[in-house]
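Coordinate inspection notes
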Amino acid sequence: MENLIVIVILLVIIGCAIAKIAKEKRSGAKCIGCPHTKNGCHCPSKPTKKP
Amino acid sequence: MKIALTGNPNSGKTTLFNALTGQVEKIGNWSGVTIDKKEAPVRKKWVAGNEEIIAVDLPGAYSMSPFTAEETITRDFVQQENPDVIVNIVDATNLSRSLFFSTQLLELGIPVVVALNKCDLNRKKGISISVEALSYNLGCPIIETIATSKGHNGLKGLLEFAILSKGKSQKAPFDSSEVDISNKEAVEASDKKRYEWVQGIIAEVERRKVTANKQTKQDAVDRVVAHKWLGFPIFALIMWTVFSISQSSVGPFFADTLVGWIDGFYAWVEGLLGGGIAPVLRVILLDGIIGGVGAVVGFLPLIIVLFFLLSLLEDCGYMARVAVVMDKFFKRVGLSGKSIIPMVIGTGCSIPGIMSTRTIKNVRQRRTTAMLTPFMPCGAKLPVIALFAGVFFNEAAWVGTTMYFVGIFLIVTGAFIVVRITGERGSRAYFIMELPEYRFPSIKRAAVESFLQAKAFILKAGTIILLCNATIQLMQTFDWNLNVVADGAQSTSILASLATPFALLLVPLGFGAWQLAAAAITGFIAKENVVGTLAVVYGITNFINTDELALISGGDSVAGIMGLTKVAALSYLMFNLFTPPCFAALGAMNAELENKKWLWGAIGFQFGMGYIVAFLTYQIGTLVTTGALGAGFIPGMIAVLLIGGYITYLMIKGERLAYAKKKALA
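Quick caveat, the model's predicted, so the values are computed rather than measured.

Focus: the overall build of chain B
Counting its secondary structure elements, chain B contains 27 helices and eight strands. The C-alpha radius of gyration computed for chain B amounts to 28 Å, which stays within 12% of the reference 26 Å derived for 666 residues, consistent with globular compactness. Principal-axis analysis of the C-alpha atoms places the extent of chain B at approximately 85 × 70 × 45 Å. Counting every position in chain B, which comprises 666 residues, the buried fraction comes to 57%. If you sum the accessible surface of chain B, you get close to 28,400 Å²; carbon and sulfur atoms cover 63% of it. Of the charged side chains in chain B, 59 are positive and 49 negative, and the gap between their average positions amounts to 6 Å.

Have a look at this one:
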């Protein structure tokens with residue numbers, strides 16, 4: 001029983017971590033937990049290549 | 001209703017945007033911090049009626065004829081996206097420069113409201129501006145603002161006028177619509193006239209106690225801190241002080257408390273688990289997750305203090321002077337002075353640093369800057385620096401300072417090599433940067449920046465690092481037959497068998513243990529992982545209190561526990577810092593370099609430089625301290641000669657190609 005509880009706790013912790021990473025990635029974060037990198041940072045759009 | 005915030009660089013647009021919207025976008029007391037547009041709704045407390053206002057923060061621009069990529073964004077937005085009102089933020093301390101752009105905005109026909117910002121500084125400097133006269137001359141409302149102030153900052157009045165101006169037409173006091181923009185001479189003549197017209201207005205509306213040609217106290221300070229010989233040692237001294245406070249005194253003081261709490265939590269969970277839990281589950285939860293993540297989080301106070309101090313330096317205007325000091329070195333190796341900005345941004349995180357290289361026009365300079373920016377130690381590398389400085393060098397501040405200067409040295413060396421490989425030696429770029437005025441730094445802004453860094457650090461620790469540590473613990477617990485490895489027989493684990501071949505390559509660098517190789521490899525996922533993995537593989541929960549570290553691990557000395565000499569520890573630190581950055585940063589490099597040859601060249605170059613620096617540190621250091629060369633000197637020397645020889649071959653090839661091209665052109 002005790003082992004089962006610990007397994008559930010581990011699964012919850014790891015599941016939360018994975019869910020958070022997935023959420024951050026979906027919201028456009030280039031790097032999880034890096035400041036000023038969300039939504040493409042303060043950077044201009046890449047210059048389009050001229051034909 | 002959409003309002004566009006425009007103005008010259010460093011006029012306070014993002015500060016005003018943050019105040020209006022409640023956002024915490026990156027600000028800095030120097031030009032070029034914002035290089036893309038940002039939009040957010042204005043907070044209700046600033047708006048009298050029910051009007052929904054969207055504020056758009058645009059990069060700074062000096063004129064509507066763009067010279068840089070950021071200026072192009074601003075021009076395109078105000079010309080093509082039809083904002084309802086343009087809020088032109090004018091730096092009241094530098095009216096003559098700001099109004100040139102204002103008069104161009106007034107010509108667009110879109111209603112303009114001028115925010116005369118930094119009025120508080122004007123009063124301090126004894127400059128008075130007749131707002132009524134200026135408003136009459138420009139033909140638009142002008143509101144005095146202090147974007148940094150919480151109290152009477154003028155923002156409410158500014159928005160009231162913006163709402164009133166919506167839908168109205170705008171007259172231009174200076175009209176250049178007749179000028180043929182395809183005729184360069186006509187445009188220059190028109191710009192000259194505009195400038196004279198602006199000077200005429202300034203003579204009428206502005207009174208200064210200090211004339212522009214009189215030397216101020218600021219000029220006197222600049223003559224010292226931006227001096228061509230003194231500037232660099234002053235920068236080194238300041239960085240040493242920053243590291244001394246953050247890594248040796250204030251930071252560890254708070255870290256000790258935090259680590260005490262983490263240890264207490266570890267003991268509490270251990271007590272809760274009791275004796276009936278399967279050992280595998282116990283080690284994953286206690287050593288893998290709590291111990292591994294806790295070891296990383298323990299460095300949080302050091303990081304908060306460091307970023308707090310760096311923010312103060314940036315806010316007071318000093319970092320802009322550093323850019324000027326470094327420009328001298330960068331110019332000589334064919335880099336643009338503009339390359340300094342991504343590198344300074346890269347001290348927080350390499351990714352925005354690499355991405356901000358987009359503003360550099362010259363392709364070779366842009367790519368070189370993108371590949372060299374990761375040499376500047378980023379925030380993720382700080383726990384690694386703090387760990388080794390604390391454990392092996394008694395928290396000496398020179399360790400962190402040295403890492404920054406080795407990073408700068410590698411950037412200069414790298415640029416020197418790249419400019420020869422590409423055959424573009426001799427090309428020089430000129431760097432023009434407006435130096436902001438020195439000011440007393442804002443404690444609040446520094447606290448906000450440290451908070452953002454801390455939040456990001458905790459998020460990373462609770463996600464990527466947690467998952468990595470749990471995986472590392474599992475790989476260390478089981479062998480390939482999925483049997484639990486016996487205590488003390490971890491070298492038979494999955495992790496050990498995967499890391500050992502890499503460890504052999506690292507013997508000439510002084511750290512051939514599989515544990516250290518495993519930590520270095522996980523560092524490519526996120527650099528903080530080096531600390532987390534070392535905690536897991538050595539079963540350590542506390543890297544801050546080194547006495548306790550020795551006690552827990554049962555070793556008689558810290559160096560003995562990790563099996564490293566001080567020289568080898570320094571070599572290991574350099575290897576982790578100066579080999580390629582994390583995968584996310586490599587992804588950013590890939591996007592910016594836009595060329596696979598450059599990307600693989602950059603990764604190879606970073607590996608080569610990291611290997612050579614670590615090899616030289618270990619072998620020379622060992623020779624000096626023990627009188628004999630370190631282990632694996634011969635194979636290491638062969639590897640270094642091969643790397644050096646290949647780089648030299650590429651440089652000669654590039655120079656020959658350039659010479660042949662030059663000859664053909666002649």
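Quick notes on the overall build of chain A
When you go through chain A residue by residue, the secondary structure sums to one helix and zero strands. In the structure as shown, chain A presents an accessible area of about 3,400 Å², 68% of it carried by carbon and sulfur atoms.

Looking at the nonpolar core
Residue and element names in this part refer to chain B. Core analysis: the largest hydrophobic core is formed by 158 residues, its most contacted members being F388, L534, Y572 and F578. In this view, Y572 contacts F388, F511, L516, A519, A520, V530 and L534; residues no more than four positions away in its chain are not counted. By size, the runner-up hydrophobic cluster in this structure holds 32 residues, among which are L58, I110, I142 and V198.

What about the packing of helix α1 (residues 2-26) of chain A against helix α10 (residues 279-297) of chain B?
Closest axis-to-axis distance for the α1(A)/α10(B) pair is 10 Å, and the angle between their directions is 40 degrees. Crossing angle aside, the handedness with which α1(A) passes α10(B) is left-handed. Residue-level contacts link N3(A), V6(A), I7(A), L10(A) and I13(A) of α1(A) to L281(B), I284(B), L285(B) and I289(B) of α10(B). Looking at the contact of α1(A) with α10(B) residue by residue, the classes come out as eight nonpolar, one polar and no charged.

Quick word on empty space enclosed by the protein
Residues and elements named next belong to chain B. Applying the stated rule across the entire model yields three cavities of 30 Å³ or more. In this structure, the largest cavity occupies an estimated 180 Å³ of space. Lining the largest cavity are 20 residues, with G348, G379, A380, K460 and E528 positioned closest to its centre. Those elements that place two or more of their residues in the lining of the largest cavity are α11 (300-316), α14 (350-355) and α18 (443-477). With three residues, α18 is the single largest residue contributor to the lining of the largest cavity.

Things to note about the side chain of D222(B)
Residue and element names in this part refer to chain B. Note on placement: D222 falls in helix α8 (residues 217-225). Engagement of the side chain of D222 in a polar contact is seen with the side chain of Y438, the distance being 2.6 Å. Apart from the residues within four sequence positions on either side, D222 is in contact with H227, R321, L435 and Y438.

Some details on a nonpolar patch on the surface
Residue and element names in this part refer to chain A. On the surface, a cluster of nonpolar side chains totalling about 600 Å² of accessible area is made up of M1, L4, I5, V8, I9 and V12. Inspection of the secondary structure puts I5 in helix α1. By relative accessible area, I5 is classed as partly exposed at 45%.

As for the sheet that holds strand β5 (residues 112-117) of chain B
Residues and elements named next belong to chain B. Across the sheet, six strands lie side by side as β2-β3-β1-β4-β5-β7; this open sheet has mixed pairing. The sheet terminates laterally at β2 (38-41) and β7 (142-144), the two strands that pair on one side only. Neighbour-to-neighbour, the strand axes of this sheet turn through a mean angle of 25 degrees, independent of strand direction. Its contacts with the sheet place helix α3 (residues 95-106) against β1 (2-7), β4 (85-91) and β5, and it is angled at close to 165 degrees to β4.

Some words on a positive patch on the surface
Residue and element names in this part refer to chain B. On the surface, a cluster of positive charge is made up of R43, K45, K150 and K444. Mapped onto the elements of the fold, R43 is located in the loop between β2 and β3 (54-57). With a relative accessible area of 35%, R43 lands in the partly exposed category.

A closer look at unusual backbone geometry
All names here are of chain B. A positive phi angle, near 60 degrees, is found at N10, a position not held by glycine. As for its placement among the helices and strands, N10 is situated in the loop between β1 and α1 (13-21). A positive phi angle, near 65 degrees, is found at K118, a position not held by glycine. If you trace the backbone, K118 turns up in the loop between β5 and α4 (119-125).

What about α3(B)?
All names here are of chain B. With 12 residues, α3 should cover 16 Å at 1.5 Å per step; its first-to-last C-alpha distance of 16 Å lies within 8% of that length. In terms of burial, α3 is a largely internal element, 11 of the 12 residues being buried. Every buried residue of α3 is listed here: L95, R97, S98, L99, F100, F101, S102, T103, Q104, L105 and L106.

What to know about the environment of Q365(B)
All names here are of chain B. Mapped onto the elements of the fold, Q365 is located in helix α15 (residues 363-372). By relative accessible area, which is 5% here, Q365 ends up buried. For the pair Q365 and S336, spaced 29 residues apart in sequence, the C-alpha to C-alpha distance is 6.5 Å.

What about the environment of V269(B)?
For V269(B), the position within the fold is in helix α9 (residues 231-273). Linking V269(B) and K328(B), residues 59 residues apart in sequence, is a C-alpha distance of 56 Å.

Some words on the side chain of Q515(B)
Residues and elements named next belong to chain B. By secondary structure assignment, the location of Q515 is in helix α20 (residues 514-522). For Q515, a relative accessible area of 17% corresponds to the buried category. A polar atom in the side chain of Q515 sits 3.5 Å from the side chain of W514. Those residues within four positions of Q515 in sequence are excluded, and the remaining contacts are L534, V537 and Y538.

Focus: the confidence of the model for chain A
Confidence in the prediction of chain A, expressed as mean pLDDT, is 74, and 67% of residues score 70 or more. Ignoring residues within four places in sequence, the model shows residues 39-51 of chain A, a span with pLDDT below 50, making 34 contacts including any to other chains.

Procedures and definitions
- Numbers given to residues run from 1 along each chain, matching the order in which its sequence is written.
- Chain labels run from A onward and ligand labels from 1 onward, assigned in the order the entries are written.
- The model is predicted, so local features are restricted to residues of pLDDT at least 70 and side-chain atom pairs to those at 80 or more, both for listing and for counting; the totals for chains, interfaces and linings are taken over all residues.
- Only hydrogens and water are removed before side-chain values are computed, so all heavy atoms of the structure are retained for them.
- Runs of H or I in DSSP of at least four residues are treated as helices and runs of E of at least two as strands, each being numbered from the N terminus.
- For the radius of gyration, the atom set is restricted to C-alpha positions; the globular benchmark scales as 2.2 Å times the number of residues to the power 0.38.
- Relative accessibility thresholds used throughout: buried, under 20% of the residue-type maximum; exposed, over 50%; partly exposed, between the two (1.4 Å probe, protein chains only).
- Residue burial considers only the protein chains on display, and all accessible areas are found by Shrake-Rupley using a 1.4 Å probe.
- The convention is simple: Lys and Arg are positive, Asp and Glu are negative, and His and the chain ends are not counted.
- Each charge is placed at NZ for Lys, CZ for Arg, CG for Asp and CD for Glu.
- The nonpolar core is taken to be a set of buried Ala, Val, Leu, Ile, Met, Phe, Trp, Tyr and Cys residues, with the residues joined through side-chain atoms within 4.5 Å.
- Note on definitions: a residue-residue contact is assigned when non-hydrogen atoms from the two residues lie within 4.5 Å.
- Fitted lines through C-alpha atoms serve as axes, helices being fitted only where they are in contact, and the angles separating the N-to-C directions of these axes extend from 0 to 180 degrees.
- When the near helix sits turned anticlockwise from the far one by under a right angle, the crossing is termed left-handed; a clockwise turn instead gives a right-handed crossing.
- Residue classes follow a fixed rule: Ala, Val, Leu, Ile, Met, Phe, Trp, Tyr, Cys and Pro count as nonpolar, while Asp, Glu, Lys and Arg count as charged, and any other residue, Gly among them, counts as polar.
- Grid spacing is 1 Å over the protein atoms alone, the probe is 1.4 Å, and a cavity is where that probe fits but cannot get out, while a pocket is an open set with protein on both sides within 12 Å along at least five of seven lines and lining residues have an atom within 4 Å of a point.
- Grid points are joined across faces, edges and corners, and a volume is the space filled by probe spheres set on the points.
- We call two N or O atoms a polar contact when they sit within 3.5 Å, provided that within protein one can donate a hydrogen and the other can accept it, with sequence-adjacent residues counted only if both atoms are side-chain atoms.
- Patches here: salt-bridge-free residues with over 30% relative accessible area, like charges joined within 9 Å, nonpolar side chains (Val, Leu, Ile, Met, Phe, Trp, Tyr) joined within 5 Å.
- Counted as salt bridges are all cases of a side-chain nitrogen of Lys or Arg within 4 Å of a carboxyl oxygen of Asp or Glu.
- A pair of strands is labelled paired if DSSP reports no fewer than 2 bridges between them.
- Expected span of a helix: the number of residues minus one, times 1.5 Å.
- Predictor confidence is given residue by residue as pLDDT, running from a minimum of 0 to a maximum of 100.

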